[in-house]
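Here is what each chain is made of, one letter per residue.
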Amino acid sequence: MCKSISVIVGSLRRESYARKIALNAIKHFPDGYSARILEIRHLPLYDFDYDDPEVVDKATPPEYTTFRRDIKASAGVLFVTPENNRTIPACLKNAIDIGSKPNNDVAWKNLPAGIISHSVGRMGGYSSQKNLKLALSYFDMPMPGQPEVFIGQSPTLVSASGAITSEKTIEFLRDYVHRFIELVDARRDINRGGRPS
Ligand SMILES: Cc1cc2nc3c(=O)[nH]c(=O)nc-3n(C[C@H](O)[C@H](O)[C@H](O)COP(=O)(O)O)c2cc1C
C-alpha cells in the first residue's frame, strides 16, 4: 500500500522558499510513498468553542474536519517552515492547534514527524524549529535525531525556478528524508490503514 505523507509548509507567500524547499524534499520520497503538500491557508483561526461540547451553537468548520481526517490518514508529516519573530508563523501554529483537538482524538498523536526549517539569514530558522518541537512535544511524535536540518541563507541555495543549487544541500535533504522514512517504516507494525493508531 502506498503510504501518504503530508507536507505542511509554514508560509503562505507565493514565492516562499519553504514551499520550494518542500517541493525539493518531496522528490526524495521513493516509490511506495505519496508525499504532497497539505494546504493550511484556508483553515479558519482556531476557536475552542468549535470543539467544546458545552457550546452547541458553533458547528465545527468543515475545513477542520477535512484537515484532521487528512492528517489521520497520513503515515507521517513533514513540516517545512521559516521563522517569524523567533517562532513559527501563525498559519502553522493555527494548523497545529486545529490538529491537537479534540483531546480524545488528537490527529498528531504518535505520527512520525520531520522538521526542516530555513531562514534568509544564517541561523536557518533555529528558533522556529525549536519552537515547533515544543509545540509538538505533547503528541509523542517520533522524529529523526541528529543532524537536524537548518537551512540558512535560503535565497543563495534556491534558484528562480525553485531548484536547490547546492549539491551538499540536496544530499543533506535526501539523507534527512530517508531517516524520516525509516521512522515511518519502523511504525508499520502498529499502522492501521497507513497511519499509526
Ligand atoms: C513577520 C516576519 C517576521 C520575521 N521574523 C524572522 C525571524 O525571526 N528570523 C528570521 O530568520 N527571519 C525572519 N523573517 C524573515 C523570513 O525568514 C523571510 O521573509 C523568509 O523568506 C520567509 O520564508 P518564506 O520565503 O518561506 O516565506 C521574518 C519575516 C516576516 C515577514
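Everything numeric here is computed off the predicted structure, so don't read it as measured data. (Residues numbered from 1 in each chain as written. Predicted model: local features only at pLDDT ≥ 70, side-chain atom pairs only at ≥ 80, totals over all residues. Heavy atoms only, no water.)

J.: Explanation requested: the pattern of salt bridges in the structure shown.
T.: Note that side chains of opposite charge can pair when their charged atoms are close. Taken as a whole and judged by the stated rule, the model has 15 salt bridges. Between Lys130 and Glu148 there is a salt bridge; the shortest N-O distance is 2.9 Å. Here Lys130, found in helix H4 (residues 126–136), pairs with Glu148, found in the loop between H4 and strand S5 (149–151); they are 18 residues apart in sequence, far enough to count as distant. The class of Glu148 is buried, set by a relative accessible area of 14%. (Salt bridge = Lys/Arg side-chain N within 4 Å of Asp/Glu carboxyl O. Helix = DSSP H or I, 4+ residues; strand = E, 2+ residues; numbered from the N terminus. Buried < 20%, exposed > 50% of the residue type's maximum accessible area, 1.4 Å probe, protein only.)

J.: Mind showing me how you'd approach the nonpolar core here?
T.: Considering soluble globular proteins, one finds that nonpolar side chains tend to be buried as a cluster. Core analysis: the largest hydrophobic core is formed by 53 residues, its most contacted members being Ile8, Phe67, Phe79, Trp108 and Ile116. Take this core: its biggest share by element is seven residues, from helix H5 (residues 167–186). (Core = buried A, V, L, I, M, F, W, Y, C linked by side-chain atoms within 4.5 Å.)

J.: Which parts of the structure should I look at to understand helix H2 (residues 62–72)?
T.: At 3.6 residues per turn, the α-helix brings residues three or four places apart onto the same side. Within the span of H2, buried status applies to Tyr64, Phe67, Arg68, Asp70 and Ile71. Take H2 and look down its axis: the buried residues cluster within an arc of 160°, on one side only. Along H2, the residues that are exposed and aim more than 90 degrees away from the buried face are Pro62 and Arg69. (Arc of directions from axis to C-beta.)

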